[in-house]
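# Descriptive analysis of the structure
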Amino acid sequence: MTSKYEKFKFTGYRLKFNWYYAPLFVAFWFVLFYVSVIPSFYNYPTIVTVEDEQTNFEKFEDIFVGERSERDLFDLSRIGTKLVGTPANEQSAVQFLTDRIEKIIAESRQDLYDIEYDIQEATGSYVIFKMVNYYQSIQNVVVKFSTKDSNSTNYLLINSHYDTVAESTGAGDAGIMITTMLEVLRKLSKSSNILRHPIIFLFNGAEENPLQGSHAFISQHKWANNIKALINLDSAGCGGREILFQSGPNHPWLMKYYKKFAKHPYASTIGEELFQNDFIPSDTDFRIFRDYGEIPGLDMAHTQNGYVYHSKYDRFNVMPTGTFQTTGDNVLALARGIANAPEMDNPAKHAVGHTVFFDYLGWFLVFYSEEDGIIINVIVSLCALLSIGLSIWSTKKNTEMEWKKILIAFSIIFGLQLLAVIIAFGVAILLALFIDAVGISMSWFSSTWMVLGLYYCPMFFVLGIIPAIYLTKTKNSDLFLANGVQFFMHSQCIILVVITFIMTGLGIRSGFIFMIATFFYTISVIINLMTDKLQTAYLWFITHCICQMFPFMFYTYCAYAFYVTYVPMQGRDGPEGNPEIMIVSFTALMCILFGGFICPLINMFRKNKIIIGISGVITIIFLIIAATPAGFPYEDKIHPQRYYAVHTSRTFHKADLSIEKNESGFFVMPVDRRYNSAKGRIETISPRKI
């Protein structure tokens, strides 16, 4: 008679897949990324045309017309650079806005709505960034939209700015938001669906100075005291899907309406905490409304193609067409939803804490209160520990190993997995320091795929090779291969549980990102336990991979969104910091979150160490590429390098105040880490004095 132990051996727990299946295994995850994450990230709705609306008004009565917003942006961009104080900003842009507003008023449902506008001219001062900011005679164009029979004195504010930085037409920052607001106003004015509360549209004429127009409005305008909620629209790029990166503060009801009404959700608590802790080298009017008006709201911005942000390349012709419909759909729906919200009657009554929120590949939004987040994190973590304990018990029962041997083996594996995580992170950091030290940093600036070879591959190597060495050394022990691989993943889950507890205890809402990994891993363990698949080598593998697909797609989506947003920002974050550290830190986080549950699976294939070693070879190849001209970070017009160049002069006087000599030249200030790349060209600009 065959014992249960012998039967367990026979089921294949010492078997390995043939090595030629390993490339298919690796390719599966790459294909999953390219068929799910990339299409989801760049998923735009079909743009609604003016003709669509004209031929079927009833169908499109409450639907944003993206083509009209696109036409308006073309006309606004033709004005050119709109610096505060220039005729283009103070006359041409204001005339453009008033012409559009008056046309909207003339064509509106005047039996249902009152629309009035005001051109505010203001002078004032305030403290921001530890400095006093003084402004004089700046302008805002302000529109009040209200239902005729409404007696509400609580208003929703929608804000964006039309002024630009020098040499930029500001199509992305923030012309598209201005034309979105115009079309939202037009659609509301023609709709038969009235609003409960008035909406103020603030077309802000002085944001780049910085943030003067919003201060002028909130501190001086006649409608300012009635503002109870805010939708702030800005940009750190040129189009794409707008990300919600700040909410509240302390008004979770706003996220409830974002979830309900935003047709194309793109939001993250991670972005909020990064922004509020100064990891993003920008600021928005949201700060002014929050600090000087105590107004809660939603802060949204475009972040795609940040390479052209605040440059002459921020033009109408580089704006993705899908942006108009995506942003318009969201803003129109949010304006309706919040303006009809009963919470607007007394927002202070609903100020009950922070929220945790994130979208899943843009398919849907998840949000819950910070208090619920603590409960969810704790319950998921405890369930993870319990399921791991049951799995270890199941292993003991089926292998007939003694508890002492099982626990010793698990303790050793836990220590090795913890060591693997620490070494993997350390290797990535050391590589980042080395790359910066030898002067080849930012090779990923124009070629984001370089991050894969420079930082992901060495981490994959470490996370894979340490389990491989141990499992090879212990291949003749009573602990079978599949059990060993599972123990490594159990250990990874325990590490993430500990991190989840720590972040929860520190009040860091972004701790949800560790909870998600433990949640899906726990699901796979529970399924395998309930179906007895832990006893069949191949079936537990398949179950585990299926459950890992969901967190893998989420984490790679988060990583891709991070690179799209943050990589261009490193080109204007100053020369002092090492941008490699920022990139490698987030990369290491993502790699540990999904790599710790995938890399050990390579050991289920024959020739596993050779397969794992390939990732180390790839790292060396990418380091060589980074050191060659192919790794040069910049590309004219598409991925430009930035410098501040100021023509300066100075005069030296003698003791009797007579002039000794005059000097002039260019003061050139680098804005990123690779400041030496243009040294020769700078010297040819002004050989007299740099």
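What comes next concerns the included structure. Just so it is clear, the model here is predicted, and its values are computed rather than measured.

Here we come to helix 17 (residues 512-531). In a regular helix each residue adds 1.5 Å, so 20 residues correspond to 28 Å; helix 17 covers 28 Å between its end C-alpha atoms and thus fits that length. For helix 17, every residue scored as buried is listed here: F512, I513, F514, M515, I516, A517, T518, Y521, T522, S524, V525 and N528.

Spatially, 1-2-4-3-5-7-6 is the arrangement adopted by the 7 strands of the open sheet, whose pairing is mixed. Bordering the open sheet on either side are strand 1 (113-128) and strand 6 (242-248), each of which pairs with just one other strand. Neighbour-to-neighbour, the strand axes of the sheet open up by a mean angle of 20°, direction not taken into account. Against the sheet, helix 8 (residues 212-220) touches strand 1, strand 2 (131-147), strand 3 (155-161), strand 4 (199-204) and strand 5 (227-235), its axis set at about 65° to strand 2. Where helix 12 (residues 322-339) meets the sheet, it contacts strand 3, strand 4, strand 5, strand 6 and strand 7 (297-302), and its direction lies at approximately 175° from that of strand 7.

Positionally, L365 belongs in strand 9 (residues 364-369). Judged by its relative accessible area of 7%, L365 falls in the buried class. In this structure, the C-alpha to C-alpha distance between L365 and S268, residues 97 residues apart in sequence, is 9.4 Å. Those residues in contact with L365 that sit more than four places away from it in its chain are M255, Y258, K259, P265, A267, F358 and D359.

With that settled, the discussion passes to the packing of helix 7 (residues 171-190) against helix 12. Packing of helix 7 against helix 12 brings their axes to within 9 Å, and their N-to-C directions diverge by 50°. As the angle between them shows, helix 7 and helix 12 are arranged oblique. Like other packed secondary-structure pairs, helix 7 and helix 12 cross with a definite hand, here right-handed. Residue-level contacts link I176, M177, T180, V184, K187 and L188 of helix 7 to T323, F324, T327, G328, V331, L332, A335 and R336 of helix 12.

Next up on the list: a nonpolar patch on the surface. Nonpolar side chains collect at one region of the surface, where V26, F30, V31, Y34, V35 and L452 lie side by side and expose about 530 Å² of accessible area between them. V31 gets classed as partly exposed once you look at its relative accessible area, which sits at 47%.

One finds W444, F512 and M590 to be the most contacted residues of the largest nonpolar core, which totals 118 residues. Setting aside residues no more than four positions away along its own chain, F512 makes contact with T269, I270, V356, F358, Y368, N377 and F554. In terms of nonpolar packing, the next biggest core, distinct from the first, is built from 60 residues, Y113, V141, L188 and F324 among them.

Right, let's get into the packing of aromatic side chains. Scanning all chains against the criterion turns up 46 aromatic pairs. Each ring, one from Y360 and one from W363, has its centre 5.6 Å from the other, and the planes form 70°; the classification is edge-to-face. Note on Y360: relative accessible area 10%, which makes it buried. One aromatic cluster in this structure is built from F17, F25, F28, W29, Y456, F460, W540, F541, F552, F594 and F605. Directly above the aromatic system of F41 lies the positively charged group of R241, at a separation of 5.6 Å from the ring centroid. Cation over ring: K661 sits above F652, and NZ or CZ is 4.9 Å from the ring centre.

Reading the values: the criteria
- Each chain has its residues counted from 1, following the order in which its sequence is written.
- Under the rules for a predicted model, residues below a pLDDT of 70 receive no local features and side-chain atom pairs below 80 are neither given nor counted, while totals for whole chains, interfaces and linings still include all residues.
- The side-chain quantities take in all heavy atoms of the structure and omit both hydrogens and water.
- Strands here are runs of E lasting at least two residues and helices are runs of H or I lasting at least four, both read from the DSSP assignment and numbered beginning at the N terminus.
- The length a helix should cover is 1.5 Å for every residue beyond the first.
- Burial classification: accessible surface area is computed with a 1.4 Å probe over protein chains only, and a residue below 20% of its type maximum counts as buried, one above 50% as exposed, and the rest as partly exposed.
- Only strands that DSSP links by at least two bridges are regarded as paired with each other.
- Only the stretch in contact is used when a helix axis is fitted, and all axes are lines through C-alpha atoms; the angle between N-to-C directions ranges over 0 to 180 degrees.
- The contact definition used throughout considers only heavy atoms, calling two residues in contact when any of these lie within 4.5 Å.
- With respect to orientation, any angle under 35 degrees is reported as roughly parallel, any angle over 145 as roughly antiparallel, any angle of 65 to 115 as roughly perpendicular, and every other angle as oblique.
- Helix crossings get a hand from a simple test, with the near helix turned counterclockwise from the far one by less than a right angle marking a left-handed crossing and a clockwise turn marking a right-handed one.
- Patches here are clusters of residues that have more than 30% relative accessible area and form no salt bridge, with a 9 Å joining cutoff for like charges and a 5 Å cutoff for nonpolar side chains (Val, Leu, Ile, Met, Phe, Trp, Tyr).
- Only the protein chains shown count as cover for residues, with accessible areas throughout obtained via the Shrake-Rupley method and a probe of 1.4 Å.
- Definition used for salt bridges: Asp or Glu carboxyl oxygen within 4 Å of a side-chain nitrogen of Lys or Arg.
- Put simply, a nonpolar core is a bunch of buried Ala, Val, Leu, Ile, Met, Phe, Trp, Tyr and Cys residues held in one set by side-chain atoms that sit within 4.5 Å of each other.
- Stacked, tilted and edge-to-face pairs are distinguished by plane angle, under 30 degrees for stacked and over 60 for edge-to-face with tilted covering the rest, among Phe, Tyr and Trp rings (Trp via its six-membered ring) whose centres lie within 6.5 Å.
- Distance and angle both matter: a charge sits over a ring if NZ of Lys or CZ of Arg is within 6 Å of the ring centre and within 35 degrees of the ring normal.

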